[in-house]
Amino acid sequence: MSTQGGPTGLSERALGPDLARGCMLLFIALANSHYFIAGREYFGGFPTDGSPVDRGLGLLISTLVDGRAFPMFGVLFGYGVAQIVRRQREAGQEWWPIRKLLWRRSLVLVVLGFLHAMLLYIGDILAAYGVLLFLGVWALRWKDRWLFLVAAIVLVLTALPSGDSLAGSSDGPDPSMLPATFFGQFPDRLVVQPFIAGLGWIGFVTPFLIGLWAGRRRILERPAEHLTLLRTTALLGLTIAILGALPMSLVVGGVLTRPSDHAVTILGPLHDATGVFGGFGYAALIVLIAHRLGDRQGPVTVAIAAVGQRSLTCYLAQSVIWAAVFTPYLLDLSDTLTTTTTALLAVATWLATVLLADRMRRANYRGPFELLIRRITYQPKRTAATRSRNSGSRA
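The rules we used
Counting starts from 1 at the beginning of each chain's written sequence and moves along it residue by residue. Given that this is a predicted model, residues contribute local features only at a pLDDT of at least 70 and side-chain atom pairs are listed and counted only at 80 or more, while totals for whole chains, interfaces and linings are drawn from all residues. In computing side-chain properties, one takes all heavy atoms of the structure into account and sets aside hydrogens as well as water. Only buried residues count toward a nonpolar core, which is a set of Ala, Val, Leu, Ile, Met, Phe, Trp, Tyr and Cys residues joined through side-chain atoms within 4.5 Å. Here the term buried applies to any residue with accessible area under 20% of the maximum for its type, exposed to any over 50%, and partly exposed to those in between, with areas from a 1.4 Å probe on protein chains only. Only heavy atoms matter for contacts: two residues are in contact if any of them lie within 4.5 Å across the pair. UniProt positions are given in the numbering used here, feature names are shortened, and annotations may be inferred rather than shown by experiment. Elements are defined by DSSP. Helices are runs of H or I of four residues or more, strands are runs of E of two residues or more, and each kind is numbered from the N terminus. Interaxial angles span 0 to 180 degrees and are taken between N-to-C directions of axes, which are lines fitted to C-alpha atoms, for helices over the stretch in contact. Orientation labels follow simple angle bins: below 35 degrees gives roughly parallel, above 145 gives roughly antiparallel, 65 to 115 gives roughly perpendicular, and whatever is left gives oblique. Each crossing gets its hand from how the near helix is turned against the far one by less than a right angle, where anticlockwise is left-handed and clockwise is right-handed. Under the grouping applied here, Gly and all other residues not named as nonpolar or charged are polar, the nonpolar ones being Ala, Val, Leu, Ile, Met, Phe, Trp, Tyr, Cys and Pro and the charged ones Asp, Glu, Lys and Arg. In this analysis a 1.4 Å probe is tested at points of a 1 Å grid over the protein atoms alone, and where it fits but cannot get out there is a cavity; an open set with protein on both sides within 12 Å along at least five of seven lines is a pocket; lining residues have an atom within 4 Å of a point. Grid points are joined across faces, edges and corners, and a volume is the space filled by probe spheres set on the points.

Counting residues in each nonpolar core, the largest one holds 106 residues, and the members touching the most others are Leu-102 and Leu-212. With sequence-adjacent residues up to four places away left out, Leu-212 is seen in contact with Gly-78, Tyr-79, Val-81, Ala-82, Ala-139, Leu-140 and Leu-147.

Okay, here's the thing in structure tokens:
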């Protein structure tokens, strides 16, 4: 008789993945918040009529953050799924119960993502990750070569010329992001959200599959055994990501003039596809930093890792700030804030979640949404003794 493996205890977690998740949420805050800013003209999600400081900061965010934060999220998501599978297998679980466990987790993400999109932030990615997990369970038993082959094919497909890349978009904030009234936001969001959830997962397939592979080998948990791989990945991944971003980010920064529409259909997907390598590079770099720190973990490192341990709660907390600050029927600051002040808001928001997460760590509290998803994912099984007692009481 097998015992179902539960989630990893906070004291048993490796520093590297948690530190990466904690830093990733800073990148996500910077990547999400600038899409709310109002302007006369736009490129790549940034107003083009800002000050030189705004344009310079937009260049940095477009180069180092946009299209690079979410792939890192995808790698860590796949890595976490591999950890769940390993614990379940070590506890004696067969593949079918493991699939059902992960499907329960995917359902929670889809439902939570839908509510998140309806009430707070239409750019939600939780539902897309739920769909990805629902489909991705069939990759759990793939051989390594199939993981790499499918990951490579999807990456090539996403790099093909397209006019859908946000990196070259000339559109301002979508009406569903800045609704005029509370009840008026639902019709637009009900149309947009299924589109994001139903198609958004495709761009995360490659990092998810590579994360599964890395999780099988515990690369991020045991960096000392994979130093050459991690160093090579950090160097090459970030170099490719930066070089691939420059054609679009230099336009955001005002260094280059806007290219032709045909060029944008080529350079935009290039920006996004090379961002996947940036996700790999960032994950490897932060894990190397964690390895270098070893047992010399100061309060700042511990606090950022606490954010990583409560990444779902902290991600949703960011959306509360975006909704309060930018929504027209609340503070309505999209016309007031600039690229620079919005970036400062993003950093301040992340720092607030660092303080919040560290407070929860000190109280030995995992986090409300982490507890929710674990409670539903790891449904407690009744033992034979419990069933016997229940049967006796009914008799």
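Back to the write-up after that little detour.
This part is about the UniProt feature "domain: DUF418" (unreviewed entry) in the protein. Under the UniProt annotation, the feature "domain: DUF418" (unreviewed entry) is placed at residues 214–378. The distance separating the terminal C-alpha atoms of residues 214–378 is 24 Å; by composition the span is 75% helix and 0% strand.

A word on the packing of helix α4 (residues 95–119) against helix α5 (residues 126–136). The N-to-C vectors of α4 and α5 enclose an angle of 160 degrees; their axes lie 7 Å apart at closest approach. The angle between the axes of α4 and α5 places the two elements in the roughly antiparallel class. The way α4 lies across α5 gives a crossing that is left-handed. Residues Leu-102, Trp-103, Arg-105, Ser-106, Leu-109, Val-110, Leu-112, Gly-113, Phe-114 and His-116 of α4 pack against Leu-126, Ala-127, Tyr-129, Gly-130, Val-131, Leu-133 and Phe-134 of α5. Tallied by class, the residues present in the contact of α4 with α5 amount to 12 nonpolar, 4 polar and 1 charged.

The final tally for this structure, using the stated rule, is 1 cavity of 30 Å³ or more. As a volume, the largest cavity reaches approximately 40 Å³. Lining the largest cavity, in full, are Phe-36, Leu-120, Tyr-121, Ile-122, Met-177, Arg-189, Trp-322, Ala-323 and Thr-327. Residue composition of the lining of the largest cavity, by class: 7 nonpolar, 1 polar and 1 charged.

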